[in-house]
Amino acid sequence: MRFDIITLFPEMFAGPFSHSIIKRAKEKGLAEIHLHQLRDFAAGRHRKVDDYPFSGGAGMVMMIEPLARCLESLQKEREYDEVIYTSPDGELLDQPLANQLSLYKNIIILCGHYKGIDERIREHFITREISIGNYVLSGGELAASVIVDSLVRLLPGVLGNESSALSDSFQDGLVSPPVYTRPRTFRGWEVPAILLSGDEKRIAQWKNEQAIQRTRQRRPGLLDE
Ligand code: SAH
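Residues numbered from 1 in each chain as written. Predicted model: local features only at pLDDT ≥ 70, side-chain atom pairs only at ≥ 80, totals over all residues. Heavy atoms only, no water.

(A) Representation of the overall build of the protein within the structure. Along its length, the protein carries eight helices and nine strands. Overall size of the protein, expressed as C-alpha extent along the three principal axes, is 70 × 40 × 35 Å. Once local pairs closer than 6 in sequence are excluded, the contacts in the protein between residues at least 24 apart make up 75%. Accessible surface, the protein: about 13500 Å² in total, of which carbon and sulfur atoms supply 51%. Distance between charge centroids for the protein: 7 Å, based on 28 positive and 31 negative side chains. (Helix = DSSP H or I, 4+ residues; strand = E, 2+ residues; numbered from the N terminus. Contact = heavy atoms within 4.5 Å. Areas by Shrake-Rupley, 256 points an atom, 1.4 Å probe, with all protein chains shown as cover. Lys, Arg positive; Asp, Glu negative; His and termini not counted. Charge placed at Lys NZ, Arg CZ, Asp CG, Glu CD.)

Encoded structure:
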């Protein structure tokens, strides 16, 4: 899967994209991530990318020309399945949406900054707007990192154990059951005996019951769906 990320702060991605699962996915050629500095598409000596909002008000707005130029240069190269804008008022990212997007081949993710982008870009270029939660971030870079991470771990071959993304929370409409590792006893705190019983069938049943119980307590909305 190929990601083209448009941003004013490409350096912000250095951390999230160069470790652990995303790093491995890139090395294996399963994910390709291209960062595009929006300023490179700005005109003039000052490479201006933002301007005052019409009618006044607080904050700057990302200008239409550099964005249009950057988007068009990418779209000239290849067909994109989706042109995503990260936005607090977008569709909320959840596991079903991540699953759906992970089937795509090429996506663009546009990161906003300041007060956001000129609305006409949203009207004429953006095919999907995604929010990572009902709060406001300073920019779309953290949101884009979250989106990329949630998609990349779903790509076939990325996770060592093929089934491991499927057993994560939300994949079956339930949150995960609790997990334990050695030692069996720590300060007198015991691992549930059932997990040491070796009885595969009863263990599976216990995990399922725990998942349902936790979902009822923590995410009752999932059970209604
Ligand atoms: N004035 C805007 C917020 C701008 S925040 C408003 O009130 O809606 C600056 C940029 O950060 C946005 O353009 C967007 O790209 C990004 N952003 C902020 N919060 C986000 C969120 N919850 N999810 C995804 N992107 C977000």
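And the narrative resumes.
(B) Representation of the site of the ligand in the model. Lining the immediate surroundings of the ligand are 20 residues, of which Y85, T86, G112, Y135 and L137 lie closest. Residue T86 places a main-chain N or O atom 2.6 Å away from an oxygen atom belonging to the ligand. In the model, a nitrogen atom of the ligand is placed 2.9 Å from a nitrogen or oxygen of the Y135 main chain. Coverage of the ligand by the protein chains reaches 84% of its 560 Å² of free accessible surface. Secondary structure elements with two or more residues in the shell around the ligand: β5 (82–92), β7 (128–131) and α6 (140–152). When residues of the shell around the ligand are assigned to their parent elements, the largest contribution, four residues, is made by β5. Looking at side-chain class alone, the shell around the ligand contains nine nonpolar, ten polar and one charged residues. (Near = heavy atom within 4 Å. Polar contact = N/O pair within 3.5 Å; in protein donor to acceptor, adjacent residues only side chain to side chain. Nonpolar A, V, L, I, M, F, W, Y, C, P; charged D, E, K, R; others polar.)

(C) Main features of the pairing of strand β6 (residues 106–110). The element β6 is largely enclosed, with a buried count of five among its five residues. Of the two faces of β6, both are covered, the one formed by N106, I108 and L110 as well as the one formed by I107 and I109. Alignment of strand β1 (residues 2–7) against β6, held across five bridges, turns out to be parallel. In the strand pairing of β6, I6 is matched with L110. In terms of strand pairing, β5 meets β6 through four bridges, oriented parallel. Residue pairing in the sheet places V83 in a bridge with I108 of β6. In the classification by handedness, the crossover that spans β5, the intervening helix α4 (residues 95–101) and the parallel β6 is right-handed. (Buried < 20%, exposed > 50% of the residue type's maximum accessible area, 1.4 Å probe, protein only. Pairing = 2+ DSSP bridges. Right-handed = clockwise from strand over helix to strand, strands pointing away.)

(D) Summary view of the nonpolar core. The biggest cluster of nonpolar side chains holds 28 residues, and the ones touching the most others in it are F3, I5, I109, V148, L151 and V152. Of all the secondary structure elements, the ones that give two or more residues to this core are β1, α2 (20–27), α4, β6 and α6. Looking at this core, the element that brings in the most residues is α6, giving five residues. If near-sequence neighbours (up to four positions away) are discounted, I109 is found in contact with F3, D4, I5, I6, I84, T86, A144, I147 and V148. With 21 residues, the next largest nonpolar core counts F41, C70, I108 and I117 among its residues. (Core = buried A, V, L, I, M, F, W, Y, C linked by side-chain atoms within 4.5 Å.)

(E) Looking closely at the side chain of H113. Within the element layout of this structure, H113 appears in the loop between β6 and α5 (119–124). With sequence-adjacent residues up to four places away left out, H113 is seen in contact with L8, F9, M62, S138, G139 and E141.

(F) Looking closely at the sheet that holds β7. Read from one edge of the open sheet, five strands run β2-β1-β6-β5-β7, paired in parallel fashion. At either margin of the open sheet sits one strand with a lone partner, and together these are β2 (32–37) and β7. Going from strand to strand, the sheet's axes swing by 30° on average, the running direction of each strand aside. Strand contacts of α6: β1, β2, β5, β6 and β7, with the helix running at about 175° to β1, the strand carrying the most contacts. (Axes fitted to C-alpha atoms, helices over the stretch in contact; angles between N-to-C directions.)

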